[in-house]
Amino acid sequence: MGIGTVQTLNSNARDVVQLAIEGMTCASCVRRVEQSIAKTPGVAAANVNLATERADVSFTAAPDIPAVVKAIESAGYAVPQDTVELAIQGMTCASCVARVEKKLKSVPGVTGAAVNLATERGTVRFARGAVQPAALEQAVRDAGYDARRIGADDAGDRERDARAAETKALGRSLAVAAVLTLPVFVLEMGTHLVPAVHGLVMATIGIQESWILQFALASAVMFGPGLRFFRKGVPALLRAAPDMNSLVALGTAAAWGYSVVATFLPGVLPAGTANVYYEAAAVITTLILLGRYLEARAKGRTSEAIRRLVGLQPKTARVVRDGQTLDLALEEVRAGDIVLVRPGERVPVDGEVVEGQSFVDEAMITGEPVPVAKGVGAEVVGGTINKTGSFSFRATRVGGETVLAQIIRMVEQAQGAKLPIQALVDRVTAWFVPAVMAVSAATFLVWLAFGPDPALAFALVNAVAVLIIACPCAMGLATPTSIMVGTGRAAELGVLFRKGDALQTLRDARVIAVDKTGTLTRGRPELTDFDTLDGFDKDEALRLVAAVEARSEHPIAEAIVAAASARGQALPAIASFEAVPGHGVAATVEGRRVAIGADRHMRSLGLDPSAFAATAARLGEDGKSPLYAAIDGRLAAIIAVSDPVKPSTPEAVRALHALGLKVAMVTGDNRATAEAIARRLGIDEVAAEVLPEGKVAAVKRLGAGGRRVAFVGDGINDAPALAAADVGIAIGTGTDIAIESADLVLMSGDLRGVANAIALSQATIRNIKQNLFWAFAYNAALIPVAAGALYPAQGWLLSPILAAGAMALSSVFVLANALRLRRFNAPLSGETQP
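Residues numbered from 1 in each chain as written. Predicted model: local features only at pLDDT ≥ 70, side-chain atom pairs only at ≥ 80, totals over all residues. Heavy atoms only, no water.

Asks: Summarise the overall build of the protein chain; cite the residues concerned and give the values.
Replies: Helices and strands together make up the secondary structure of the protein chain, namely 30 helices and 29 strands. Counting all 834 residues of the protein chain, 53% fall into the buried class. Of all intrachain contacts in the protein chain linking residues separated by at least 6 positions in sequence, the fraction that spans at least 24 positions is 69%. Accessible surface computed for the protein chain: about 34100 Å², of which carbon and sulfur atoms make up 57%. (Helix = DSSP H or I, 4+ residues; strand = E, 2+ residues; numbered from the N terminus. Buried < 20%, exposed > 50% of the residue type's maximum accessible area, 1.4 Å probe, protein only. Contact = heavy atoms within 4.5 Å. Areas by Shrake-Rupley, 256 points an atom, 1.4 Å probe, with all protein chains shown as cover.)

In structure tokens form, the structure reads like this:
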């Protein structure tokens with residue numbers, strides 16, 4: 001693969017800043033944060049992702065990050081801040097300090113910067129996710145000074161540490177809540193279900209004392225481990241923007257408050273209604289903490305693909321500076337440094353080999369398992385593995401400019417995208433929580449007015465059950481978790497989604513339009529046929545023909561010379577070279593006269609090419625135009641040079657057909673050649689003799705009747721068609737312009753990646769629909785049950801405790817289902833898809 005061709009994979013047309021957000025728990029939170037950010041002056045759009053806990057904010061002018069942070073905080077959430085220490089060289093006075101501070105503060109996302117002249121250090125605060133440390137270093141350099149990050153941990157480590165800390169804290173809270181809840185559950189439910197327990201409680205502590213003990217334990221659960229729900233839920237209620245925490249806080253507080261009144265002021269309640277529900281408040285809190293804990297663990301696994309990509313980056317590099325070999329942190333490597341790589345080591349950054357040779361495993365980029373030979377002048381990519389020899393290379397791209405860093409950013413951006421299918425979820429969740437609160441209030445009033453005695457107790461229990469069971473967490477997680485896992489798995493298969501919505505659009509494609517040269521074929525002419533008549537040695541004839549063609553600059557001549565060189569043949573000197581326009585060439589080689597040209601040239605020499613009639617007919621069926629060679633006045637060989645079809649192409653076309661897709665070829669080649677290749681590959685439609693500017697029209701023609709078209713190409717002249725198609729797919733070995741115009745990139749030149757991408761797209765959308773069906777069906781079915789709809793006919797009521805368990809399981813189910821995409825297998829492997 002041409003490594004330099006993916007330098008600009010991360011380019012975006014608009015200024016987008018990523019911010020980490022803490023405190024979101026459900027789809028309602030996402031909606032609230034998006035609306036708050038969108039109201040900020042200068043913001044063009046905001047896209048908040050619950051699974052990644054990030055916001056992608058695009059601006060119409062210079063990004064005003066402090067204003068966005070303030071908007072997020074006003075909505076009741078937090079933007080964590082990170083601090084970076086920089087060692088700054090070259091400052092001499094206070095004006096230098098002021099200049100550096102001003103430059104650092106101008107970086108979008110920076111909230112504060114302080115530079116110390118005496119220590120030659122700068123401390124920079126910024127919103128987590130909004131700034132790459134490399135951008136801070138570059139800002140200092142732009143001010144005229146040098147900067148190096150001190151004690152740097154990569155962003156992936158910070159995110160992993162933050163998730164680990166969150167999971168650990170939830171685990172501690174869950175353990176404490178469980179220990180305190182168990183005796184409450186035994187005391188209350190045991191007295192109802194087990195006569196022996198009831199007798200024991202009555203004989204020892206008594207019912208009133210049992211209630212007081214339950215009050216103490218349940219209060220410790222609610223205002224200890226469960227306090228997090230009140231800290232988030234109550235302010236949200238006061239802002240008239242309730243979320244999932246509000247539902248939990250209301251439900252548990254209602255059960256607990258009623259029980260407190262029944263315990264200490266039973267006289268204010270109607271006769272026969274003085275019952276306690278401490279176990280419901282405690283168990284609900286514990287079960288929801290269990291759900292949050294399992295959810296946090298599962299969410300951590302959804303980003304494993306990114307962590308594996310980050311893990312490909314070595315931490316240090318062996319650099320030659322001022323004649324000394326130094327082991328430096330990766331952040332300290334600069335463009336132009338000479339880097340040494342020994343056998344078995346990973347290449348630290350991108351560069352060009354200047355000394356030595358080796359074989360490098362580039363499977364992480366191209367997917368090809370065979371190591372690639374590298375010598376002086378060859379390009380190497382950071383993260384690839386040096387297998388055998390040692391070499392040194394000049395660093396050309398470091399930090400965020402490396403291919404691997406750009407791949408990581410591209411995957412992160414795709415993971416944070418919103419698909420069109422998410423619009424339905426957003427519309428529903430906008431009113432979902434307020435609607436649930438209204439249903440809960442209606443349930444309370446209906447049971448209070450029409451329910452059996454004790455009506456107040458029935459009304460309370462059912463209203464709490466409605467509040468607890470209607471958690472929108474599963475709705476909010478349904479789409480983003482599947483996208484995260486799906487795009488991460490795609491990256492592992494060498495398919496990079498540059499635009500997240502392509503994940504859904506690709507699934508709807510019905511026609512795959514493929515450029516021929518460089519996509520179906522290798523993209524360069526090769527000698528495909530060389531047959532000789534009896535009396536001529538094939539290798540000797542090829543050597544003589546190649547010697548003559550070496551004087552020609554025609555691509556066909558280059559292919560013949562390359563074939564001879566590949567066989568280790570040394571080409572002799574020639575004499576009396578002459579070119580006959582429209583016919584061929586001729587020369588004397590080692591005293592032998594060699595003539596090469598089309599059949600008319602042979603006939604002009606008095607030779608009959610019909611001896612190769614059968615071979616010529618076969619070549620014509622394959623769309624190849626034969627050439628002939630004569631040696632010493634005798635017809636000697638028939639030659640065919642063409643751009644050969646890639647070995648993987650036939651299998652790729654079959655796989656696309658197996659997915660129910662039509663395959664079309666768009667090419668500038670003559671129709672006979674194009675149709676010959678199409679027949680051989682089983683391609684359904686052919687658009688031949690198409691000029692570069694006509695490819696867009698061809699794509700539109702293929703999309704007639706509402707068919708969605710995906711276009712696959714690799715050249716500069718493919719860029720307009722890639723942009724015009726419903727989905728543009730660029731071959732990673734192609735040009736930067738083609739890649740920038742595409743919606744997704746196949747990192748290898750293997751067309752089978754298209755079938756893999758489409759199958760993965762179908763599996764991901766299927767997974768999302770499963771999640772959404774579960775989330776919506778769950779609420780649609782169980783909210784009426786929780787409200788008591790089955791009681792008149794069946795006598796069934798849903799306990800708030802069971803409601804809490806079902807609610808926790810709904811989110812865990814969605815996450816577990818999304819994680820199945822990690823086991824997705826490429827369709828060409830013949831294994832079952834999720």
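Asks: Quick rundown of the UniProt feature "transmembrane region" (unreviewed entry) in the protein chain? Include the residues and the values.
Replies: The sites that carry the UniProt feature "transmembrane region" (unreviewed entry) are, in the present numbering, residues 169–190, 210–227, 247–269, 275–294, 428–450, 456–479, 772–791 and 797–819. The distance from the first to the last C-alpha atom of residues 210–227 is 24 Å, and the span holds 78% helix and 0% strand. With 85% helix and 0% strand, the stretch residues 275–294 has end C-alpha atoms that lie 33 Å from each other. (UniProt positions renumbered as here; feature names shortened; annotations may be inferred.)

Asks: Mind laying out the pattern of salt bridges, listing which residues take part and the relevant values?
Replies: The tally for this structure, following the rule as stated, stands at 24 salt bridges. Close ionic contact of Arg141 with Glu137 constitutes a salt bridge, the shortest N to O distance being 3.7 Å. One end of the pair, Arg141, and the other, Glu137, are both in helix 4 (residues 133–142), 4 residues apart, so they sit about a helical turn from each other. Classification of Arg141 by relative accessible area gives partly exposed; the value is 30%. Glu137 sits in the buried class, given a relative accessible area of 6%. A salt bridge links Arg318 to Asp327; the shortest N-O distance between them is 3.5 Å. Accessibility expressed as a relative area gives 16% for Arg318, which makes it buried. (Salt bridge = Lys/Arg side-chain N within 4 Å of Asp/Glu carboxyl O.)

Asks: Now, about helix 23 (residues 649–658): what can you tell me, with residues and values included?
Replies: Since the α-helix advances by 3.6 residues per turn, residues separated by three or four positions end up pointing in the same direction. Listed in full, the buried residues belonging to helix 23 are Thr649, Ala652, Val653, Ala655 and Leu656. Buried residues in helix 23, looked at end-on, bunch into an arc of 160°, giving them a common side. Relative to its buried face, helix 23 has exposed residues pointing more than 90 degrees away, namely Arg654 and Ala658. Buried residues in helix 23 make contact with strand 18 (511–515), helix 18 (516–520), strand 25 (662–666), helix 24 (671–681) and helix 28 (752–787). Positive backbone phi, at 80°, marks Gly660, one or two positions downstream of helix 23. (Arc of directions from axis to C-beta.)

Asks: For the packing of helix 7 (residues 207–222) against helix 9 (residues 244–264), give the residues involved together with the corresponding values.
Replies: One can describe the packing of helix 7 onto helix 9 by two numbers: an axis separation of 10 Å at closest approach and a directional angle of 150°. For the element pair helix 7 / helix 9, the angle class is roughly antiparallel. Between helix 7 and helix 9 lies a crossing of left-handed hand. Along the contact surface, helix 7 presents Gln208, Trp211, Ile212, Phe215, Ser219 and Met222, while helix 9 presents Thr252, Ala253, Trp256, Val260, Ala262, Thr263 and Phe264. By residue class, the composition of the contact of helix 7 with helix 9 is 9 nonpolar, 4 polar and no charged. (Axes fitted to C-alpha atoms, helices over the stretch in contact; angles between N-to-C directions. Parallel < 35°, antiparallel > 145°, perpendicular 65-115°, else oblique. Left-handed = near helix turned anticlockwise from the far one by under 90°. Nonpolar A, V, L, I, M, F, W, Y, C, P; charged D, E, K, R; others polar.)

Asks: Let's hear about unusual backbone geometry: which residues, and what values?
Replies: Peptide bonds are mostly trans, and most non-glycine residues show a negative phi. Going from Asp453 to Pro454, the amide bond is cis rather than trans, its omega being -10°. Relative to the elements of secondary structure, Pro454 occurs in the loop between helix 14 (422–450) and helix 15 (455–469). Phi is positive for Glu590, close to 50°, though the residue is something other than glycine. Here Glu590 is to be found in the loop between strand 21 (584–589) and strand 22 (592–597).

Asks: Before we move on, can you summarise the side chain of Gln569 with the specific residues and values?
Replies: Mapped onto the elements, Gln569 comes out in the loop between helix 20 (555–566) and strand 20 (574–580). Side-chain polar atoms of Gln569 contact the backbone oxygen of Asp539, separated by 2.9 Å. (Polar contact = N/O pair within 3.5 Å; in protein donor to acceptor, adjacent residues only side chain to side chain.)

Asks: Residue-level account of helix 15, with values.
Replies: When the terminal C-alpha atoms of helix 15 are compared, their 21 Å separation across 15 residues agrees well with the 21 Å that a helix rising 1.5 Å per residue should span. A large share of helix 15 lies buried, amounting to 14 of its 15 residues. (Expected span 1.5 Å × (residues − 1).)

Asks: Before we move on, could you go through a nonpolar patch on the surface and cite the residues and values that matter?
Replies: A cluster of nonpolar residues, Ile212, Phe264, Leu265 and Val268, forms a patch on the protein surface that exposes about 380 Å² of accessible area. Relative to the helices and strands, Ile212 resides in helix 7. (Patch = residues over 30% accessible without salt bridge, like charges linked within 9 Å, V, L, I, M, F, W, Y side chains within 5 Å.)

Asks: Give a description of the sheet that holds strand 12 (residues 358–361) that names residues and reports values.
Replies: With respect to topology, 3 strands assemble into an open sheet ordered 13-12-15, the strand pairing being antiparallel. In this open sheet, the two strands that pair with only one neighbour each are strand 13 (372–374) and strand 15 (385–386). Across 2 bridges, strand 12 lies against strand 15 in antiparallel orientation. Within strand 15, the position partnered with Val360 by the bridge is Asn386. (Pairing = 2+ DSSP bridges.)

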